[in-house]
Amino acid sequence: MAPAVRGKVGNLPQDLTSFVGRRREVTETRRLLGMSRLVTLTGIGGVGKTRLALRAAADSQRAFDDGVWLVEFGERRDPQLVAETVAAALGLREQSTVPTTQVLTDYLASRKLLLVLDNCEHLIDDVAKLAETLLRGSPELRILATSREPLAIGGEMVLRVPPLTVPVPDESTPLRALAQYEAISLFTERAAAAVPGFELTDDNRESVVAICSELDGLPLPIELAAARLRAMSVDQVLEHLTDRFRLLTGGSRAAPDRQQTLRMSVDWSHDLCNPTEQEVWRRVAVFPHGFELDAAEAIAAGDLAPDDLLDVVASLVDKSILIREEHTGVVRYRLLEILRDYGLERLHEAGEYADLRRRHRDWYQALTRRCEEEWIGPNQPVWVARLGRERPNLGDALEYCMTEPGEAENGLRIANVLYIFWISRGLLNEGRLWLGRVLAAQGQDPTAERAKALAAASILAANQGDVATGLTLVAAAHEVAARIEDRETEIVAIHAAGHLQIYAGDPTEAIRLLGSILAEVRTGRNLLRHISTVLGLATATAILRESEATAEYTDEVLEITRAHGESIYRSYALCMRGLSQWHDDPYLARPLFEKAVKLSDGVDDLLGTAISMEGLSWTATATRQFQRAAILLGGADALWSAAGNPGVVIPALRHNREEARDLCRNALGDQAFDAAVRKGRRLARDEVVSFAVDDQLPQEAPVERSATNLTPREQEVAELVAQGLTNKAIAEKLVISQRTVQGHVEHALAKLGFNSRTQIAAWIVEQGRQADSDAS
């Protein structure tokens with residue numbers, strides 16, 4: 001081959017449509033190209049790898065004297081023609097006596113040039129070999145590749161291309177800020193191209209957000225959905241996404257075949273997997289929102305040994321089928337919803353769906369049994385976190401029990417264990433919903449599990465101030481116990497009835513009921529019921545200010561929980577001890593409440609943290625620290641709200657709260673009191689806990705920041721983002737969870753109207769310049 005005559009340096013195509021978002025990814029791609037001679041952009045089909053590569057390459061053209069050259073492998077099938085495809089893109093003519101690879105090496109040896117190798121995945125081995133050969137022989141050559149998996153050769157740097165940013169569907173983001181999310185912006189622009197005059201409005205925003213969320217923020221299906229607006233309304237498009245593979249067809253005629261429809265794009269990814277990978281893909285589709293390896297080993301591995309399954313999972317991650325996520329040191333994997341839908345189709349076709357669903361339910365039911373056995377122990381925080389991560393899978397297991405004939409009783413068993421999780425995490429609405437549904441599915445069969453579920457539902461209702469419903473439910477539990485003539489079930493009903501009387505405002509009756517079963521629960525095998533019964537007695541006696549009795553009961557709970565390394569009920573015992581003492585000696589009560597707050601917060605117990613926060617506000621009022629008390633009242637308000645709770649619902653304690661509010665308002669005045677309460681409500685959870693325990697408020701926001709409405713913690717996180725710290729690093733530095741950091745980052749992006757961390761960093765730099773200018 002010989003060089004052809006070139007009219008320009010490079011062959012990058014002109015954009016036919018606008019390039020939306022991806023500022024961070026473009027910047028990162030160019031940064032990596034400055035560090036490595038081979039950069040590969042990976043990601044699932046339709047995520048926008050090609051557009052990102054072309055934009056990064058176009059922005060880098062000035063750095064390459066001999067141009068930027070695009071080589072498209074998408075429609076090529078013959079691995080023997082890989083070198084010829086590169087040569088043709090460079091405009092080199094054939095020379096039959098010299099191998100094409102050698103021609104390319106000779107041609108590129110002295111040139112400063114960027115090759116963009118697009119869609120390499122189906123020719124991955126041959127492209128990798130050629131790339132390695134060319135890089136070894138061409139010191140000024142750089143390669144930017146796109147593929148659904150890395151080339152896996154020395155010196156390669158890989159950037160996984162994420163979906164476009166999508167707002168949380170139920171997040172009340174201002175319309176202007178909503179348009180800054182990349183997926184929303186892309187849909188709006190493409191919709192306006194399909195239907196001139198289309199714009200994002202308050203009327204259609206909910207449907208547009210839902211569409212982009214349903215489509216996982218993937219550019220290809222979003223563009224296909226927007227094109228459907230030529231014939232459908234936004235609401236109709238959303239409604240028809242239940243069959244997204246049929247709806248999302250008819251892409252641009254200029255697009256490659258694999259991108260003409262959503263199904264063709266996913267088919268392409270599926271065909272690139274070997275049979276074992278295809279099998280695992282369809283089987284892990286049974287998990288609704290991710291899984292951990294132990295679950296996959298038990299449910300989806302088939303004949304694969306654990307090490308072999310791990311290899312397949314890693315390969316599916318490399319091929320951009322599975323997404324690897326880390327949650328406070330725990331690795332989880334998930335399929336995008338589009339890929340999960342496809343996997344479920346294949347699972348049905350293979351005739352494995354019914355068996356996998358049952359195995360899924362069986363495994364998660366066994367998980368809840370292990371949780372119940374270890375709940376009162378040092379692993380309690382681990383179980384709280386695990387059940388939190390597994391809520392979608394546990395919900396799916398419950399759905400299975402409610403829809404499969406003869407399985408409702410197992411649904412009650414699962415829900416009865418999850419009750420302790422729901423109440424500890426403050427998931428009262430969720431717990432009541434599931435218990436109500438499984439009770440309805442079970443019918444009216446008088447069983448011990450039904451009585452337990454009725455009792456659990458009654459206590460959840462009481463915690464939300466719905467005492468009337470609670471009394472009805474506990475009466476039904478008593479009726480079941482009487483019908484089956486089982487003393488253990490009768491104890492369950494009496495236990496619930498006793499707790500309900502605390503919320504009904506009759507602590508004396510609560511003491512009578514709980515006292516009637518105390519001897520039996522102390523000698524029984526159910527340690528949780530033992531602790532809960534004694535805690536109920538501690539609460540009732542604390543309300544009556546019978547401090548000696550409260551001390552006796554709380555000592556009993558503290559002895560058990562300390563011996564077992566337990567946290568949740570230990571915090572409640574400390575809180576009840578504080579409640580019995582704060583009237584007489586608030587200085588003695590304060591450290592008890594502080595310890596309770598730290599324990600509750602450590603296991604993500606919203607209700608426990610809220611009631612301990614209330615106790616601290618009352619002690620602050622009693623010691624005339626009115627500003628502190630008002631801020632704590634606001635913080636408690638936010639915690640109650642987060643738990644789906646109207647606030648303090650026990651009548652005697654509600655009186656304490658109202659008295660504290662009145663005293664603070666009178667001491668501070670209406671304006672100062674309201675401002676302090678608002679400050680407490682605006683604090684992030686870790687901030688209000690820090691204030692409750694250490695009297696430390698975050699630094700006040702500077703004047704320059706006031707227009708953005710960032711909270712102090714959001715500003716602090718933004719500044720660390722600007723320093724280049726990851727969410728994990730920020731979490732470690734601030735001693736908060738990665739989930740909390742992610743929430744602060746998302747709120748900051750929405751408030752600032754940005755869609756990338758890079759924009760946050762630039763804004764922080766500009767804020768610093770303004771401050772320096774003002775200072776000078």
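Computed from a predicted structure; not experimentally measured.

About the cut-offs
- Think of each chain on its own: its residues are numbered from 1, step by step along the sequence as written.
- For this predicted model, a pLDDT threshold of at least 70 governs which residues receive local features, and a threshold of 80 or more governs which side-chain atom pairs are given and counted, while totals over whole chains, interfaces and linings are taken from all residues.
- With hydrogens and water excluded, all non-hydrogen atoms of the structure serve as input to the side-chain values.
- Only DSSP runs of H or I with at least four residues qualify as helices, and only runs of E with at least two residues qualify as strands; both kinds are numbered from the N terminus onward.
- Radius of gyration here uses only the C-alpha atoms, and the compact-globule reference equals 2.2 Å multiplied by the residue count raised to the power 0.38.
- In what follows, residue pairs with any heavy atoms lying within 4.5 Å of each other are defined as contacts.
- In short, Shrake-Rupley with a 1.4 Å probe defines the accessible areas, and a residue's cover is counted only from the protein chains shown.
- Positive charges are assigned to Lys and Arg, negative charges to Asp and Glu, while His and the chain termini are left out of the count.
- Throughout, a charge is located at the NZ atom of Lys, the CZ atom of Arg, the CG atom of Asp or the CD atom of Glu.
- Note on aromatic contacts: the rings of Phe and Tyr and the six-membered ring of Trp form a pair at centre separations within 6.5 Å, being stacked when their planes are under 30 degrees apart, edge-to-face when over 60 apart, and tilted otherwise.
- Placement of a positive charge over a ring is assigned whenever Lys NZ or Arg CZ falls within 6 Å of the ring centre and within 35 degrees of the normal to the ring plane.
- Two strands form a pair only when DSSP identifies at least two bridges running between them.
- Axis angles are defined between N-to-C directions and span 0 to 180 degrees, where every axis is a line fitted to C-alpha atoms and, for a helix, only to the segment in contact.
- Helices are assigned an expected span. That span is 1.5 Å times one less than the residue count.
- Each residue is assigned to one of three classes by its accessible area relative to the maximum for its type, calculated with a 1.4 Å probe on protein chains only: buried under 20%, partly exposed between the two thresholds, exposed over 50%.
- Salt bridge, as used here: a side-chain nitrogen of Lys or Arg that lies within 4 Å of a carboxyl oxygen of Asp or Glu.
- Here is the rule for angles: anything less than 35 degrees is roughly parallel, anything more than 145 is roughly antiparallel, 65 through 115 is roughly perpendicular, and the remaining ranges are oblique.
- Here a polar contact is taken to be a pair of N or O atoms separated by no more than 3.5 Å, where protein atoms must pair a possible hydrogen donor with a possible acceptor and residues adjacent in sequence count only if both atoms sit in side chains.
- pLDDT measures how confident the predictor is about each residue, on a scale from 0 to 100.
- Nonpolar cores are built from buried Ala, Val, Leu, Ile, Met, Phe, Trp, Tyr and Cys residues. Side-chain atoms within 4.5 Å join them into one set.
- Pairs of cysteine sulfur atoms within 2.5 Å are what we label disulfides.
- Should the near helix be turned anticlockwise from the far one by less than a right angle, the crossing is left-handed, and should it be turned clockwise, the crossing is right-handed.
- In this count, Pro and Cys sit with the nonpolar residues alongside Ala, Val, Leu, Ile, Met, Phe, Trp and Tyr, while Asp, Glu, Lys and Arg are called charged and the others, Gly among them, polar.

**Student:** Could you clarify how one ought to interpret the overall build of the protein in this entry?
**Tutor:** Across its full length, the protein holds 38 helices and seven strands. Computed over its C-alpha atoms, the radius of gyration of the protein comes to 31 Å, within 12% of the 28 Å expected for a compact globule of 776 residues. If you line up the protein on its principal axes, its C-alpha atoms span 100 × 75 × 50 Å. Restricting to contacts in the protein with at least 6 residues of sequence separation, those with at least 24 account for 70%. Accessible surface computed for the protein: about 33500 Å², of which carbon and sulfur atoms make up 48%. The distance from the centre of the 87 positive side-chain charges to the centre of the 111 negative ones in the protein is 3 Å.

**Student:** Mind showing me how you'd approach the environment of L115 here?
**Tutor:** One can find L115 in strand β3 (residues 113–118). Sequence-wise, L115 and A193 are 78 residues apart; in three dimensions their C-alpha atoms are separated by 32 Å. Discounting residues that sit within four places of it in the chain, L115 has contacts with W69, V71, V86, L90, L108, L134, L141, R142, I143 and L144.

**Student:** I'm lost on the packing of aromatic side chains in this one. Help?
**Tutor:** Within the structure shown, the criterion is met by six aromatic pairs. One aromatic cluster is present, formed by F287, F291 and Y333 through successive ring pairs. Above the ring of Y107, the side-chain terminus of R111 is found at 3.8 Å from the ring centroid. A cation over an aromatic ring shows up here: R628 above the ring of F691, its NZ or CZ 5.5 Å from the ring centre.

**Student:** What is the right way to read the sheet that holds strand β1 (residues 38–42) from this model?
**Tutor:** Remark on secondary structure: sheet strands pair via backbone hydrogen bonds, oriented parallel or antiparallel. Strand order in the open sheet formed by five strands is β2-β3-β4-β1-β5, with parallel pairing between adjacent strands. The two strands at the open ends of the sheet, each matched to only one other strand, are β2 (68–72) and β5 (156–160). The average undirected angle you get between the axes of adjacent strands in this sheet is 20°. Bridging between β1 and β5 involves five bridges; their strand directions are parallel. Bridge pairing links T42 to R160 in β5.

**Student:** What is the right way to look at helix α28 (residues 568–581) in this model?
**Tutor:** Counted at 1.5 Å a residue, the expected span for α28 with its 14 residues is 20 Å, and the 21 Å between its end C-alpha atoms agrees. Counting buried positions along α28 gives twelve out of 14 residues, so the element sits mostly inside the fold. Looking only at α28, the buried set comprises I568, Y569, S571, A573, L574, C575, M576, R577, G578, L579, S580 and Q581.

**Student:** I keep staring at the pattern of salt bridges and nothing clicks. Help me out?
**Tutor:** It is possible for side chains of opposite charge to pair when their charged atoms get near one another. According to the stated counting rule, one finds 50 salt bridges in the structure shown. A salt bridge links E326 to R324; the nearest nitrogen and oxygen atoms lie 3.6 Å apart. On the basis of relative accessible area, E326 is assigned to the partly exposed category, the value being 32%. Residue classification places R324 among the partly exposed residues on the basis of a relative accessible area of 47%. Because the salt bridges share partners, they merge into one network encompassing E292, D294, R332, R386, R389 and E390.

**Student:** Even after reading the chapter, I still don't get the packing of helix α18 (residues 380–389) against helix α19 (residues 391–403), so can you show me in this structure?
**Tutor:** The axes of two packed helices give the description: the angle between them and the distance between them. Put simply, α18 and α19 touch, their axes get as near as 5 Å, and they point 65° apart. Considering their axes alone, α18 and α19 lie roughly perpendicular with respect to each other. In this structure, α18 contributes L387, G388 and R389 to the contact, and α19 contributes R391, P392 and L394.

**Student:** I would appreciate a short explanation of the side chain of T541 in the present structure.
**Tutor:** Considering the arrangement of structural elements, one finds T541 in helix α26 (residues 527–543). The exposure class of T541 is buried, given its relative accessible area of 1%. Among the polar contacts made by the side chain of T541, one reaches the main-chain carbonyl oxygen of A538 at a distance of 3.0 Å. If we skip the residues at most four places from it in the chain, T541 touches I511, E546, A549, T550 and Y553.

**Student:** Would you explain the pairing of β1 in this entry?
**Tutor:** Remark: a regular strand shows side chains that alternate across the two faces of the sheet. The buried fraction of β1 amounts to five of the five residues, a majority that puts the element mostly inside the structure. Neither face of β1 is left uncovered, since the one carrying L38, T40 and T42 and the one carrying V39 and L41 both have all their residues buried. Pairing of β1 with strand β4 (residues 141–147) involves five bridges; the strand directions are parallel. Residue pairing in the sheet places V39 in a bridge with L144 of β4.

**Student:** How should I be thinking about unusual backbone geometry in this particular structure?
**Tutor:** Glycine aside, negative phi is the norm for most residues, and most peptide bonds take the trans geometry. Of note, R624 is a non-glycine position whose phi angle comes to about 65°, a positive value. A relative accessible area of 64% places R624 in the exposed class.

**Student:** I would appreciate a short explanation of the environment of L347 in the present structure.
**Tutor:** Tracing the backbone through its elements, the reader meets L347 in helix α16 (residues 337–349). Linking L347 and L460, residues 113 residues apart in sequence, is a C-alpha distance of 38 Å.

**Student:** Is there a simple way to think about the pairing of strand β6 (residues 322–327) in this case?
**Tutor:** Summarising the sheet, β6 and strand β7 (residues 330–335) pair through six bridges and their orientation is antiparallel. From the neighbouring strand, E326 faces β7, where its bridge partner is V331. Linking two consecutive strands that pair antiparallel, namely β6 and β7, is a turn of two residues; a positive phi of about 45° is found at T328 within it.

**Student:** For this particular structure, what's the right way to read the side chain of S617?
**Tutor:** By the secondary structure assignment, S617 is in helix α30 (residues 606–622). On the basis of relative accessibility, which here comes to 0%, the residue S617 falls in the buried class.

**Student:** Looking at this structure, how should I read the confidence of the model for the protein?
**Tutor:** Low pLDDT means the predicted coordinates in that region are not meant to be read closely. Per-chain confidence: the protein averages 86 in pLDDT, with 90% of residues scoring 70 or above. Confidence drops under a pLDDT of 50 for residues 251–255, and excluding neighbours within four residues, the segment shows five contacts in the predicted structure.

**Student:** Would you mind showing me how to read the nonpolar core here?
**Tutor:** F187, L322, Y364, W375 and W422 are the most contacted members of the largest nonpolar core, which has 197 residues in total. One finds W69, L104, C120 and I143 within the second-largest nonpolar core, a separate group that totals 32 residues.

**Student:** What am I meant to see in helix α29 (residues 586–602) here?
**Tutor:** If you check α29, its first and last C-alpha atoms are 24 Å apart, about what 17 residues at 1.5 Å a residue would give, namely 24 Å. The set of residues buried in α29 consists of P586, A589, R590, L592, F593, E594, A596, V597, L599 and S600. Considering only its buried residues, α29 is in contact with α28, α30, α31 (626–642) and α34 (685–694). D604 sits one or two residues past α29 and shows a positive phi near 60°.

**Student:** Even after reading the chapter, I still don't get the state of the cysteines, so can you show me in this structure?
**Tutor:** By definition, a disulfide links the sulfur atoms of two cysteines through a covalent bond. Applying the stated criterion to the full structure yields zero disulfides. Cysteine C664 shares no disulfide, and the gap to the nearest cysteine sulfur, in C575, comes to 18 Å.

**Student:** For this particular structure, what's the right way to read the packing of α30 against α34?
**Tutor:** The contact between α30 and α34 brings their axes to 11 Å, and the two run at 40°. On the basis of their axis angle, the class for α30 and α34 is oblique. In terms of crossing hand, the pair formed by α30 and α34 is left-handed. Between α30 and α34, the residues in contact are L606, T609, M613 and L616 and R685, V688, V689 and A692, respectively. The class makeup of the residues in the contact of α30 with α34 is six nonpolar, one polar and one charged.

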